[in-house]
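Architecture at a glance
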Amino acid sequence: MAKIACFCSLIRTFAPMKKIGTDIKVLAFDADDTLWDCQSWFDDVERRCCQLLSPWATARDVSTGLIETERRNLSLTGYGTKAYTLSLIENAVRVTHGQLTGDIVGQLLDLGKELLEFPTTPLPEVEQTLRLLAEKRRYRLVVFTKGELMDQEAKLQRSGLEQYFSHMQTVSNKTEREYRQLCQNLDVAPEQTVMIGNSFRSDIAPALAAGAWAIHIPYHVVWAMEKSEEFPHARLQKIAHFNEILECIQ
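Since this is a predicted model, take the numbers as computed values, not measurements. (Residues numbered from 1 in each chain as written. Predicted model: local features only at pLDDT ≥ 70, side-chain atom pairs only at ≥ 80, totals over all residues. Heavy atoms only, no water.)

Points about the overall build of the protein
Of the regular secondary structure elements, the protein holds 10 helices and 8 strands. Dimensions of the protein, computed from C-alpha atoms along their principal axes, come out at roughly 60 × 35 × 30 Å. Out of the 250 residues in the protein, the part that is buried amounts to 51%. Here the analysis covers contacts within the protein between residues at least 6 apart in sequence; of these, 73% occur between residues at least 24 apart. Carbon together with sulfur atoms contributes 52% to the accessible area of the protein, which is approximately 12100 Å² in total. In the protein, which carries 28 positive and 33 negative side-chain charges, the distance between the mean positions of the two groups comes to 4 Å. (Helix = DSSP H or I, 4+ residues; strand = E, 2+ residues; numbered from the N terminus. Buried < 20%, exposed > 50% of the residue type's maximum accessible area, 1.4 Å probe, protein only. Contact = heavy atoms within 4.5 Å. Areas by Shrake-Rupley, 256 points an atom, 1.4 Å probe, with all protein chains shown as cover. Lys, Arg positive; Asp, Glu negative; His and termini not counted. Charge placed at Lys NZ, Arg CZ, Asp CG, Glu CD.)

A closer look at the pattern of salt bridges
Scanning all chains against the criterion turns up 13 salt bridges. With a shortest N-O distance of 4.0 Å, Asp 44 and Arg 47 are connected by a salt bridge. Within this pair, Asp 44 and its partner Arg 47 are both found in helix 2 (residues 39–52), separated by 3 residues, close to a single helical turn. Between Arg 131 and Glu 127 there is a salt bridge; the shortest N-O distance is 3.7 Å. Of this pair, Arg 131 and Glu 127 are both found in helix 6 (residues 126–136), 4 residues apart, which corresponds to roughly one turn of the helix. (Salt bridge = Lys/Arg side-chain N within 4 Å of Asp/Glu carboxyl O.)

So, helix 2
Across its 14 residues, helix 2 extends 20 Å between first and last C-alpha, which sits within 8% of the 20 Å expected from 1.5 Å per residue. Taken together, the buried positions of helix 2 are Gln 39, Phe 42, Asp 43, Val 45, Glu 46, Cys 49 and Cys 50. Angular distribution of buried residues about the axis of helix 2 spans 165°; they occupy a single face of the element. (Expected span 1.5 Å × (residues − 1). Arc of directions from axis to C-beta.)

Concerning the nonpolar core
Inside soluble globular proteins, nonpolar side chains tend to come together where they are buried. Among the nonpolar cores identified, the biggest contains 51 residues, and Leu 27, Phe 29, Leu 35, Leu 130, Phe 165, Ile 215 and Ile 245 are the most heavily contacted of them. Of the residues forming this core, the biggest block, 5 residues, is contributed by helix 4 (residues 81–95). Dropping the residues within four chain positions of it, Phe 29 is found in contact with Leu 35, Leu 130, Leu 133, Leu 141, Val 142, Val 143, Phe 144, Phe 165, Met 195, Ile 196, Phe 242 and Ile 245. Of all hydrophobic cores here, the second largest spans 14 residues; its members include Val 26, Ala 28, Tyr 179 and Leu 186. (Core = buried A, V, L, I, M, F, W, Y, C linked by side-chain atoms within 4.5 Å.)

A word on unusual backbone geometry
Look at Asp 33: it is not a glycine, yet its phi comes out positive at around 65°. Positive phi, normally seen in glycine, also occurs at Arg 137, with a value near 55°. As for its position among the elements, Arg 137 is in the loop between helix 6 and strand 3 (140–146).

Details of the packing of helix 4 against helix 5 (residues 102–114)
Close contact between helix 4 and helix 5 brings their axes to 9 Å; oriented N to C, the two are set at 160°. Here helix 5 runs roughly antiparallel to helix 4, going by the angle between their axes. Between helix 4 and helix 5 lies a crossing whose hand is right-handed. Here Thr 81, Thr 85, Leu 88, Ile 89 and Ala 92 of helix 4 come into contact with helix 5, specifically with Leu 108, Leu 109 and Gly 112. For the contact of helix 4 with helix 5, the class distribution of residues is 5 nonpolar, 3 polar and no charged. (Axes fitted to C-alpha atoms, helices over the stretch in contact; angles between N-to-C directions. Parallel < 35°, antiparallel > 145°, perpendicular 65-115°, else oblique. Left-handed = near helix turned anticlockwise from the far one by under 90°. Nonpolar A, V, L, I, M, F, W, Y, C, P; charged D, E, K, R; others polar.)

Re the sheet that holds strand 8 (residues 236–238)
The strands making up a sheet are joined through hydrogen bonds of the backbone, oriented either antiparallel or parallel. Taken in spatial order, the 6 strands line up as 4-3-2-5-6-8 in an open sheet, and their pairing is parallel. A single partner strand is all that each edge strand has here, and the edge strands are strand 4 (167–171) and strand 8. Each strand of the sheet is rotated relative to its neighbour by a mean of 20°, with strand direction disregarded. Looking at chain direction, strand 3 and strand 4 are connected through 5 bridges and run parallel. When the sheet's bridge partners are listed, Thr 145 is paired in strand 4 with Thr 170. Where helix 7 (residues 149–159) meets the sheet, it contacts strand 3 and strand 4, and its direction lies at approximately 145° from that of strand 4. (Pairing = 2+ DSSP bridges.)

Focus on the side chain of Thr 34
Residue placement: Thr 34 occurs in the loop between strand 2 (26–29) and helix 2. Only 3.0 Å separates the side chain of Thr 34 from the side chain of Asn 198, close enough to count as a polar contact. When sequence neighbours within four positions are dropped, the list of residues in contact with Thr 34 reads Leu 123, Val 126, Ile 196, Gly 197, Asn 198, Asp 203 and Phe 242. (Polar contact = N/O pair within 3.5 Å; in protein donor to acceptor, adjacent residues only side chain to side chain.)

A look at the packing of aromatic side chains
Scanning all chains against the criterion turns up 7 aromatic pairs. Both rings, one in Phe 200 and one in Phe 231, keep their centres 4.9 Å apart while their planes meet at 85°; by these two values the pair is edge-to-face. Here Phe 200 is found in helix 9 (residues 200–210), whereas its partner Phe 231 is found in the loop between strand 7 (221–223) and strand 8, with 31 residues between them in sequence. Residue Phe 200 is classed as buried on the basis of its relative accessible area of 5%. Following the ring pairs from residue to residue traces out a cluster consisting of Phe 29, Phe 165 and Phe 242. The ring of Tyr 79 carries Lys 146 above its face, with NZ or CZ at 3.8 Å from the centroid. (Phe/Tyr/Trp six-rings, centres within 6.5 Å; stacked < 30°, edge-to-face > 60°. Lys NZ or Arg CZ within 6 Å of the ring centre and 35° of its normal.)

Geometry only, nothing functional implied.
Rendered as structure tokens:
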């Protein structure tokens, strides 16, 4: 995947802390790059893929071809590690002009399998903040993420954070429709829900469109297909550190 470094905490000015609505019942958390690091592992796999294919193409050509392949395949394969691995191999066939050997295919498959098992160590302040929120029993904590069901469930289990959540919902994509469906499933109104995540495109904009509140926590890298223009909103708070969630909702 082509990745775009985004040092948002250094180059953007964060607005003064605002309080979220008083009738909040649900805090919905994104998973990858919100609760644990994910993108860095994909970055590493992409670098190693570029090294494998260096006899046939430059790293730039491999990376550019990969994101183009992912975009073409998205409507068929959706998001997730397995979809990424298929695009990894398809792109490799293209850049080698069909000369890809079985040995390299095997190595690419191994790289994909590594992405199904990497350690999902909670990011700084995540577990402490979730523990404090859970202890107060004021809000229902849920995970709302997109991708492959088994992969996302396994990552949550490996993280050790499963104990703090009463519900996990994995969808193929995050649009306004999916956010409204989440609220229906939880029997709450959108305005009683706060979505917390790193991707403005997937976690913030559609949640706001559905009528929910949102807390944006930018991550230091952004996948090219998650890059999006940001905008201010009355129901939006942008923070730099995970534990600032406590200041927004208390």
